[in-house]
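As a plain string of letters, each chain reads:
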Amino acid sequence: MTWFAAVARLRARREAGVLVTVATVRGHAPRDAGAKLVVGQTETWGSIGGGNVEAVAIDRAREMIVASKPEPELIDFALNDKVTNQHGVQCCGGTVSVLLEPLPVVRAVAIFGFGHVGMELARILARQDLDLHLVDSRADILTKERLDVLADAVAQVHVHHTPLLPEEVLEELPHGTHILVMTHDHAEDAALCDAALRSPHLGSIGLIGSAAKWARFRRRLSIEGGHAETTIDRIKTPIGLADITGKEPATIAVSVAADLLRMFETEGL
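Scope of this entry: the structure provided in the associated data block. For clarity, every value in this text was computed on a predicted model and none was experimentally measured. Note that residues are indexed from 1 along each chain, following the sequence as it is written. For a predicted model such as this one, the threshold for reporting local features is a pLDDT of at least 70, and the threshold for listing and counting side-chain atom pairs is 80 or more; totals across whole chains, interfaces and linings nevertheless cover every residue. Neither water nor hydrogens contribute to the side-chain values; these are computed over all heavy atoms in the structure.

Listing the buried residues of helix α1 (residues 3-13) in full gives Ala6, Leu10 and Arg11. Summarising the axial view, the buried residues of α1 lie within an arc of 140°, below the 170-degree limit, and thus occupy one face. Facing away from the buried side of α1 by over 90 degrees, the exposed positions are Phe4 and Ala12. The helix count covers DSSP runs of H or I at least four residues long, the strand count covers runs of E at least two residues long, and both are numbered beginning at the N terminus. Within two residues after α1, Arg14 carries a phi angle of roughly 60°, on the positive side. Type-normalised accessible area, obtained with a 1.4 Å probe on protein chains alone, sets the label of each residue: buried when under 20%, exposed when over 50%, and partly exposed for intermediate values. Think of the arc as the fan of directions from the helix axis to the C-beta atoms.

The structure is reproduced here in structure tokens:
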């Protein structure tokens, strides 16, 4: 398996890893500069030459995975028999620098409702390295023409058309997915909020709407849904930055995206 296929496999599995690259070589070494190794929690793909260099790199990569260390590291090795090594002697005679680059689990965001605000928000979030899920019960909203605005997305975009029960998508979403509820139908919003509160694997839950809408929802979630007040408090509403008050879809989308990205900066993955 090629190293980029291994990176893609880790991303699809939502597993952290480390990309190890031979950065520089002086003199003789087992592999040339550019050789790569991908290290996962339990597997590796590729090789940077074996022996002590590779074993030390794997050990350190797995320490970085456990520590969720985001910064890359550069490790220098002297390949001679006068150096104390952890995993045997390599005496090729050269020196090697190895770069370790963390491959964190990317964040996931699900937008329920691909209307005016949802589409503007998707356009912004699609420029981020994340898994972006777009969910709508209306087939005419998820047309190719509307989705074409995301053709150059950095994010991996997943489209879900759910004509009957959009809340069923919640169970399919990756662990820690951040939920944004903004459908065209308040009844659909309410069902999604109720289902999201019953899904402990999810991340934050945001709901678009007015104070009056939230007051009705809160009563319904408490009385009909049987949710405790502390559970209901998982839902953030209104979403977005409080000091941005414009009501144009693009303005709301900028506000919501900025608030979400600010949360990403302050939270642990």
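Still to come is the rest of the account.
Turning our eyes to something else, we now look at the sheet that holds strand β8 (residues 156-161). Criterion used throughout: strands pair if DSSP finds at least two bridges between them. Spatial strand order, β8-β7-β6-β9-β10-β11: six strands in an open sheet with parallel pairing. The sheet is open, and its two edges are formed by β8 and β11 (235-236), each paired on a single side. Pairing between strand β7 (residues 131-136) and β8: six bridges, direction parallel. The residue of β8 that forms the bridge with Leu134 is Val159. Throughout, a contact is declared for two residues whenever any of their heavy atoms are within 4.5 Å. Angles run from 0 to 180 degrees between N-to-C directions of axes, and those axes are lines fitted to C-alpha atoms, restricted for helices to the stretch in contact. Along the sheet face, helix α3 (residues 116-125) touches β6 (108-112), β7 and β9 (178-181) and points at about 165° away from the line of β6. On the sheet, helix α5 (residues 186-197) packs against β6, β9, β10 (205-207) and β11 and is oriented at approximately 165° with respect to β10.

A side-chain nitrogen of Lys or Arg and a carboxyl oxygen of Asp or Glu constitute a salt bridge if their distance falls within 4 Å. Applying the stated criterion across every chain, the model contains 18 salt bridges. Between Asp129 and Arg11 there is a salt bridge, with its nearest N and O atoms 2.7 Å apart. Highlighted residues: Asp129 in the loop between α3 and β7 and Arg11 in helix α1, separated in sequence by 118 residues. In this structure, the salt-bridge partner of Lys236 is Asp259, at a minimum N-O distance of 2.3 Å. Pair noted here: Lys236 is in strand β11 and Asp259 is in helix α8 (residues 249-266), with a separation of 23 residues, a long-range link. By relative accessible area, Lys236 is classed as partly exposed at 38%. Classification of Asp259 by relative accessible area gives buried; the value is 10%. Among the charged side chains, a network of salt bridges with common partners joins Arg11, Arg14, Asp129 and Asp131.

Interpretation in functional terms is not warranted from these geometric data alone.
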